[in-house]
Structure formats: C-alpha cells, structure tokens
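# Per-entry structural report
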Amino acid sequence: MEKMVRLDKFLADAGKGTRSEVKKEIKKGLVLVNGRAVKSPEEKISPGTDRVLLRGEPVLPEPEFVYYLLYKPAGYVSATEDRREKTVMELVPSSRKGLFPVGRLDKDTEGLLLITNDGMLAHELLSPAKHVEKTYFVRVRGEVSETDRIRLEQGVDIGEDRLTLPAKAEIIRNFREDGKDRAVQAGEDKSRENVQQEEMAEKYTELLLTICEGKFHQVKRMMEAVGKKVVYLKRISMGPLVLPGDLKKGECRRLTEKETESLRKAVRQQK
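Here goes a summary of the coordinates provided. As the structure is a computational prediction, the values presented were derived from the model and not from experiment.

## Topic: the overall build of the protein chain
Broken down by element type, the protein chain carries six helices and 16 strands. Counting every position in the protein chain, which comprises 271 residues, the buried fraction comes to 48%. For the protein chain, the exposed surface amounts to about 14,700 Å²; the carbon and sulfur share of it is 48%.

The following block contains the structure:
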C-alpha cells in the first residue's frame, strides 16, 4: 500500500517552495487535488495516484534522487546542521530528507554548491581518481608572477604527503607594483560578474584556478604556498556545471534534466 503524505510536504518536496510558502498557496485555494480545491495543508494524499495541480500546473511526485544548484553566499557553512552557524541547507527550498551538500565551501567562500541525496554520484564527483574539475575565481593580495602560475600548475607543497595534482591557473587581472591595473584578457571577463568588490587590496591579482582535488582549504593553501593570501574566493564551476549568471546569491534551483545527465556523463567518462 502506497504511503500517504501531507499535501504541504508533497509540494515542498517537489520543489514548489518551503513548507511555510506552500501552506500559504494551499490556504489561498490555489491547490487542486483530483479537481477539488484543498485548503488544508494537513490533508493526506497518495503521490502515485492523486493528481495535484498548483496554480493550474501539474505537480509530479519526487524522483528517487533530486539535485539542486545553490549559489552559496558567504556566512553559511557547508553542512546539514550546525548548532552555532547558519547552514546552506537553510537556503534549499525542500524538506526532503537525506539532502546534503556535495563537498564543502568555506564559510567565507561563495559560489556553486551542489545539493543532492544521491550519495553515489556525490562520491564520484569528489573522488580524486575521477579528476572532476572545479574552477574558482580567486583574488589575492600582491602580484602573482608567471613563476607562481607555473608552480601552481605543476603542483605545490601544502603540507600533505604529496604535492597537489597539476592544476590550471589563468591570470585575468593584475594590479601591478607600478600601480597599473592590467586586464590580461580582452574585455570584461564573465567570471568577474557579481564578485565582491569591498576591501580591495592596494595591489592584487585575480585569477581562475582549476583543480581536480578537494583537500581542506586547498585553494587558500595553494596560494599561500606561492606567498599569496586569498582575500576573496568564489567557485564558478564543477565539472560541466557552471554557476548561472541569472542566479543570485542565496538562491537555489533544481538542476535541469540536461544538467543532471551532463554530471552523470562526466563521471562515466572518467571510469
């Protein structure tokens, strides 16, 4: 016999808003169950057989695995729960149990964070053996030289048993010792959209750093290994996923079917 669930939970789990948000929709009479307006959030329904409409649009039952793309703002920790800090899960519009962030972004780091309940895919995305690339927009104090860039790409000592795996480093803006702001790439780079501009150091460098590992504070430790301190960090991509330009800080949305399949394909190709 199919398990019955509360209407508000069904809608929240389907990504239609938080429990409090969908309760308001229900009480307004905007939800139909089998053609009947239901105004009680506590009403039990059968997800597999009952037909639910929200504002005239069908609401389908949750699949086994769900995937959310979150634009993590600074100030949140990448954890499912924390007694002292705000967690990224507070920004996910779903009450679905078992959701967790894939990997960690530091509390002061912004950018793309995948939220899912698919443990196998998460494990494969994070496995160093899969070499799934993650690209970060990095701003550091001082000038990153060509020698520094080459060292980052070849691997640096961050206090582990081995050097970091080969990376990709691309300097995109360098406020040099002579006081001239030099944009290395022609035009305004897309990676600089919506980045923090406060507390700009007098001399700084901005670069894109792509790594395929996920060691603790890895980007910050890599930059420290070449004598530079990170003052701003933002993840802009993970494998085929790219942080959308129309997603604001703190916003979260479901992955499209195309995005989900591209993630699975990226992992399969590395086997």
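Structure's up, so let's keep going.
## Describing the nonpolar core
Of all hydrophobic cores here, the largest spans 32 residues; its most connected members are I115, V138, L209, V219, M222 and M223. Those elements that provide at least two residues to this core are β7 (67-72), β9 (110-116), β10 (134-141), β11 (168-175), β13 (204-211), α5 (218-225) and β14 (230-238). When sequence neighbours within four positions are dropped, the list of residues in contact with V138 reads T205, E206, L207, L209, V219, M223, V230, Y232 and L233. The next biggest cluster of nonpolar side chains, apart from the first, holds 17 residues, and it includes Y71, V102, L125 and V267.

## So, the sheet that holds strand β3 (residues 36-37)
Taking strand neighbours across the sheet as the criterion, the four strands line up as β3-β2-β5-β6 in an open arrangement whose pairing is antiparallel. Strand pairing shows two members of the sheet lacking a second neighbour, β3 and β6 (57-59), which therefore form its edges.

## Focus on the environment of I115
Summarising the element assignment, I115 is placed in strand β9. A C-alpha to C-alpha distance of 9.8 Å links I115 and R253, two positions 138 residues apart in sequence.

## Looking at the packing of aromatic side chains
Summed over all chains, the structure comprises one aromatic pair. Each ring, one from F137 and one from Y232, has its centre 6.1 Å from the other, and the planes form 70 degrees; the classification is edge-to-face. On the criterion of sequence distance, the pair formed by F137 in strand β10 and Y232 in strand β14 is long-range, its members being 95 residues apart. Owing to a relative accessible area of 3%, Y232 belongs among the buried residues under this scheme. Cation over ring: K86 sits above Y76, and NZ or CZ is 4.5 Å from the ring centre.

## A look at the layout of surface pockets
Think of a ball as big as a water molecule: rolled over the atoms, this probe shows where empty space is left. Considered as a void within the structure, the largest pocket measures approximately 520 Å³ in volume. If you trace the largest pocket, you find 27 residues lining it, with R104, L105, D106, K215 and H217 closest to the centre. For the lining of the largest pocket, the residue count by class is 11 nonpolar, six polar and 10 charged. Lining the second largest pocket are 14 residues, with K3, V5, K9, D13 and R96 sitting closest to its centre.

Thresholds, definitions, all that
- Residues numbered from 1 in each chain as written.
- Predicted model: local features only at pLDDT ≥ 70, side-chain atom pairs only at ≥ 80, totals over all residues.
- Heavy atoms only, no water.
- Helix = DSSP H or I, 4+ residues; strand = E, 2+ residues; numbered from the N terminus.
- Buried < 20%, exposed > 50% of the residue type's maximum accessible area, 1.4 Å probe, protein only.
- Areas by Shrake-Rupley, 256 points an atom, 1.4 Å probe, with all protein chains shown as cover.
- Core = buried A, V, L, I, M, F, W, Y, C linked by side-chain atoms within 4.5 Å.
- Contact = heavy atoms within 4.5 Å.
- Pairing = 2+ DSSP bridges.
- Phe/Tyr/Trp six-rings, centres within 6.5 Å; stacked < 30°, edge-to-face > 60°.
- Lys NZ or Arg CZ within 6 Å of the ring centre and 35° of its normal.
- 1 Å grid on protein atoms, 1.4 Å probe; cavity = no way out; pocket = protein on both sides within 12 Å on 5 of 7 lines; lining within 4 Å.
- Points joined across faces, edges and corners; volume = space filled by probe spheres on them.
- Nonpolar A, V, L, I, M, F, W, Y, C, P; charged D, E, K, R; others polar.

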